[in-house]
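In case you want the letters, here they are:
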Amino acid sequence: MPYKSPFREGVKYLEDKKTDIFFTTLNKSEKDYSETTMYDDYDIDEEYFHWQSQSGTSDISPTGQRYINHELLGCNVVLFVRERKSINEITEPYYCIGTAKFINYEGSKPMSIVCFREVIVYE
């Protein structure tokens, strides 16, 4: 039987791989998400993505600084996206849409981050 991780947050940092994985649900409903987890995540266009950090993440925290300075620190960011949490009570899977590079941010707790996404193309 496969091991199921207790992971529940929208981001997972793999310290040994120096990689942050952002899990985003684009269309959130109030029945599935609390007020503090209705993050504003969306495609800006084909190259840029807007992602909101967890509500407790400040721009001066170690996590916020890792997001801002990920390239300088040699860290990677990978985006996984799904349209909605479920369809007909069946959980929708996340799809890897590529890696991301930090461009800028606004705010704190949560941080609104704009990143350039490097799209993965499968042939």
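Residues numbered from 1 in each chain as written. Predicted model: local features only at pLDDT ≥ 70, side-chain atom pairs only at ≥ 80, totals over all residues. Heavy atoms only, no water.

### Looking at the pairing of strand E4 (residues 48–52)
Counting buried positions over the five residues of E4 gives four, a clear majority of the element. Inspection of the sheet shows strand E3 (residues 42–43) paired to E4 by two bridges, in the antiparallel sense. In the strand pairing of E4, Tyr42 is matched with His50. The turn linking E3 back onto E4 is made up of four residues. (Buried < 20%, exposed > 50% of the residue type's maximum accessible area, 1.4 Å probe, protein only. Helix = DSSP H or I, 4+ residues; strand = E, 2+ residues; numbered from the N terminus. Pairing = 2+ DSSP bridges.)

### Some thoughts on the packing of aromatic side chains
Working definition: an aromatic ring pair is given by the centre-to-centre distance plus the angle between the planes. If you walk through the whole model with that rule in mind, you get seven aromatic pairs. Both rings, one in Phe22 and one in Trp51, keep their centres 3.7 Å apart while their planes meet at 5°; by these two values the pair is stacked. Here Trp51 lies in strand E4 and Phe22 lies in strand E2 (residues 19–25), a separation of 29 residues in the sequence. Judged by relative accessible area, which is 3%, Phe22 ranks as buried. Overall, the relative accessible area of 3% leaves Trp51 in the buried class. Here the aromatic rings of Phe22 and Tyr67 are separated by 5.3 Å at their centres, their planes lie at 80°, and the arrangement is edge-to-face. Residue Phe22 is located in strand E2, and its partner Tyr67 is located in helix H1 (residues 62–68); the two are separated by 45 residues in the primary sequence. You'll find Phe22 and Tyr67 in the same group, each marked buried. The structure contains a cluster of three or more aromatic residues connected by ring pairs, namely Phe22, Trp51 and Tyr67. (Phe/Tyr/Trp six-rings, centres within 6.5 Å; stacked < 30°, edge-to-face > 60°.)

### Quick word on the pattern of salt bridges
Two side chains carrying opposite charge are able to pair once their charged atoms lie near each other. The tally for this structure, following the rule as stated, stands at four salt bridges. The partner of Asp43 in a salt bridge is Arg117, with the nearest N and O atoms 3.5 Å apart. With a gap of 74 residues between them, Asp43 in strand E3 and Arg117 in strand E9 (residues 112–119) connect regions that are remote in the sequence. A residue is classified by how much of its surface remains accessible, and Asp43, at 39% relative accessible area, is partly exposed. We classify Arg117 as buried; its relative accessible area is 13%. Residue Glu71 pairs with Lys101 through a salt bridge whose shortest N-O separation is 3.4 Å. Of this pair, Glu71 sits in the loop between H1 and strand E5 (76–82) while Lys101 sits in strand E8 (residues 95–106); the two residues are 30 residues apart in sequence, bridging distant segments of the chain. Take Glu71: its relative accessible area is 47%, and that puts it in the partly exposed class. Judged by relative accessible area, Lys101 falls into the partly exposed class, the value being 28%. (Salt bridge = Lys/Arg side-chain N within 4 Å of Asp/Glu carboxyl O.)

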